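So you can see what is in the structure, the chains are spelled out below.
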Amino acid sequence: MINKKVLAIILGGGQGSRLSPLTDKRSKPAVSIAGKYRLVDIPISNCIHCDIKRMFVLTQFNSASLNRHIKNTYRFSSFSEAFVDVMAAEQTPDNKTWFQGTADAVRQSMHHILNHEFDYVLILSGDQLYQMDFNEMLQKHIDKKAEISIATIPVNFKEATQFGILKTNKESFITSFIEKPSEDKLKGWESEVDEQMKLENRNYLASMGIYIFNRDLLIELMTNTETIDFGKEIIPQAIEKNSVLAYQYKGYWTDIGTISSFFEANIGLTEEVPKFDLFNASKNILTRPRILPPSKIYGTRLNKTMIADGCIINADKIDDSVIGIRSRIGKNSIVNKTYMIGANMYQDIAEIENDKEKGIPYIGVGENCIIENTIIDKDARIGNNVVIKGGKNLKDCKEENYVIKDGIVVIKRRAIIPDGFILQ
């Protein structure tokens, strides 16, 4: 099969400051999504479903939890060549710097990559949400005799300013590229899309940051140490002298680079028919199997809510929310449009009583609370009678226990919010 000739490289991204504080103690690919997965599970699952089972994850910031997750999750047969390896930035006699960009990350890792046989390299991002058949993209790459292929998605006029926009000819080869153009520069950058995309006014082709490179060309391109980024340098330069194919993807895709996009992607999973389908057996998201008990729910009214394993919930009402593993919510509390990431551990009754004597809330949300438009990171403690209501009326700020971005309140990992605290 053609995918036996493919090696996948998943880019872990930089410091992830736009996703702070979620990335203060972990790398972007290690951030939790949908209450039980990690972002890195998305590209890895897509690869495994396409029978692409040789993967490198390149990262350099806060990689300990990502290392642990991958080690505990992706275990293949001893008789298989399959692997998922994390490669953090490392100093060598030839290079003493950290990764300077996406292309530089691949360049610095080439001495590991070239230890394996492959004809094609599939380069993916570690912070996107989508379900894609890479084999279809690869087959078109081979059929068209392309040297590079770029996955693209049709976007509308307003969205086009946020992406690298491509212009193609009738054969779908890319003729020109512009990085995040202003609205006044978009005229003439429309591309040929199907009728449904036209009806939705999605007439511009945006790069998804998903690439296929022929082995020999990638090796050649990596010899130029002055180019450090694929999107800003490698791709625009290659279009001028190489055959670069655009592969149009028309499914759901979102780049999870900011707190608002992360929040919207998670809350969107609670829709009756979500754009990202976690229930598709042929494209299901794979992650670490945990031995957790079923969730217990006492008298709680639930609507448009996803609840992961091992939760103990006594809330009055939960709406439009995702409740992660091992979450605890106290009596009479109301949770609305909130992503509660959950906890890494359970507290037994003795621990809870001991904390109570010290005036420390248990891990989770206490009693008589109102939580809205909020992300609660792992192992956070929210006391009783707390009101936290995110909204556009709140200004961006950074406090010891929480951050506000675009009206969304993010309670930090292991933060302690005392009884009676009010933020609205």
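As shown above, the structure is provided for reference.
Given the structure is predicted, the values throughout are model-derived calculations rather than measurements.

Undergrad: It is not clear to me how the overall build of the protein chain should be interpreted in this structure. Could you clarify?
TA: Counting its regular elements, the protein chain contains ten helices and 28 strands. Compactness check: the protein chain gives a C-alpha radius of gyration of 23 Å against a globular reference of 22 Å for 424 residues, within 12% of the reference. Each of the three principal axes of the protein chain carries a C-alpha extent, and together these read 70 × 50 × 40 Å. Relative to all contacts within the protein chain whose residues are 6 or more apart in sequence, the contacts with residues 24 or more apart total 63%. Accessible surface, the protein chain: about 20,000 Å² in total, of which carbon and sulfur atoms supply 47%.

Undergrad: Looking at this structure, I do not really get the side chain of Ser20. What am I missing?
TA: Looking at the secondary structure, you find Ser20 in the loop between strand E1 (6–11) and strand E2 (32–33). The contact partners of Ser20, leaving out residues within four places of it in the chain, are Ile259 and Lys405.

Undergrad: Would you mind going over a negative patch on the surface with me for this structure?
TA: Side chains of Glu81, Glu117, Asp119, Asp216 and Glu220 sit close together on the surface and give a patch of like negative charge. Structurally, Asp216 is set in helix H7 (residues 215–221). By relative accessible area, which is 61% here, Asp216 ends up exposed.

Undergrad: Where do I start with the environment of Tyr249 in this structure?
TA: Summarising the element assignment, Tyr249 is placed in the loop between strand E12 (244–248) and strand E13 (253–255). Take Tyr249: its relative accessible area is 10%, and that puts it in the buried class. For the pair Tyr249 and Ile123, spaced 126 residues apart in the sequence, the C-alpha separation amounts to 16 Å. Here Tyr249 is in contact with Tyr130, Gln131, Met132, Thr152, Ile153, Pro154 and Met208, once residues within four sequence places are set aside. A distance of 3.2 Å separates a polar atom in the side chain of Tyr249 from the backbone oxygen of Tyr252.

Undergrad: Where do I start with the side chain of Asp319 in this structure?
TA: Within the secondary structure, Asp319 sits in strand E17 (residues 317–323). We note that Asp319 is buried and unpaired, the nearest opposite charge coming from Lys317 at a distance of 4.1 Å. Excluding residues that lie within four positions of it along the chain, Asp319 makes contacts with Asn303, Lys304, Thr305, Val335, Asn336 and Lys337.

Definitions and limits used
- Residues numbered from 1 in each chain as written.
- Predicted model: local features only at pLDDT ≥ 70, side-chain atom pairs only at ≥ 80, totals over all residues.
- Heavy atoms only, no water.
- Helix = DSSP H or I, 4+ residues; strand = E, 2+ residues; numbered from the N terminus.
- Rg over C-alpha atoms; globule rule 2.2 N^0.38 Å.
- Contact = heavy atoms within 4.5 Å.
- Areas by Shrake-Rupley, 256 points an atom, 1.4 Å probe, with all protein chains shown as cover.
- Patch = residues over 30% accessible without salt bridge, like charges linked within 9 Å, V, L, I, M, F, W, Y side chains within 5 Å.
- Salt bridge = Lys/Arg side-chain N within 4 Å of Asp/Glu carboxyl O.
- Lys, Arg positive; Asp, Glu negative; His and termini not counted.
- Charge placed at Lys NZ, Arg CZ, Asp CG, Glu CD.
- Buried < 20%, exposed > 50% of the residue type's maximum accessible area, 1.4 Å probe, protein only.
- Polar contact = N/O pair within 3.5 Å; in protein donor to acceptor, adjacent residues only side chain to side chain.

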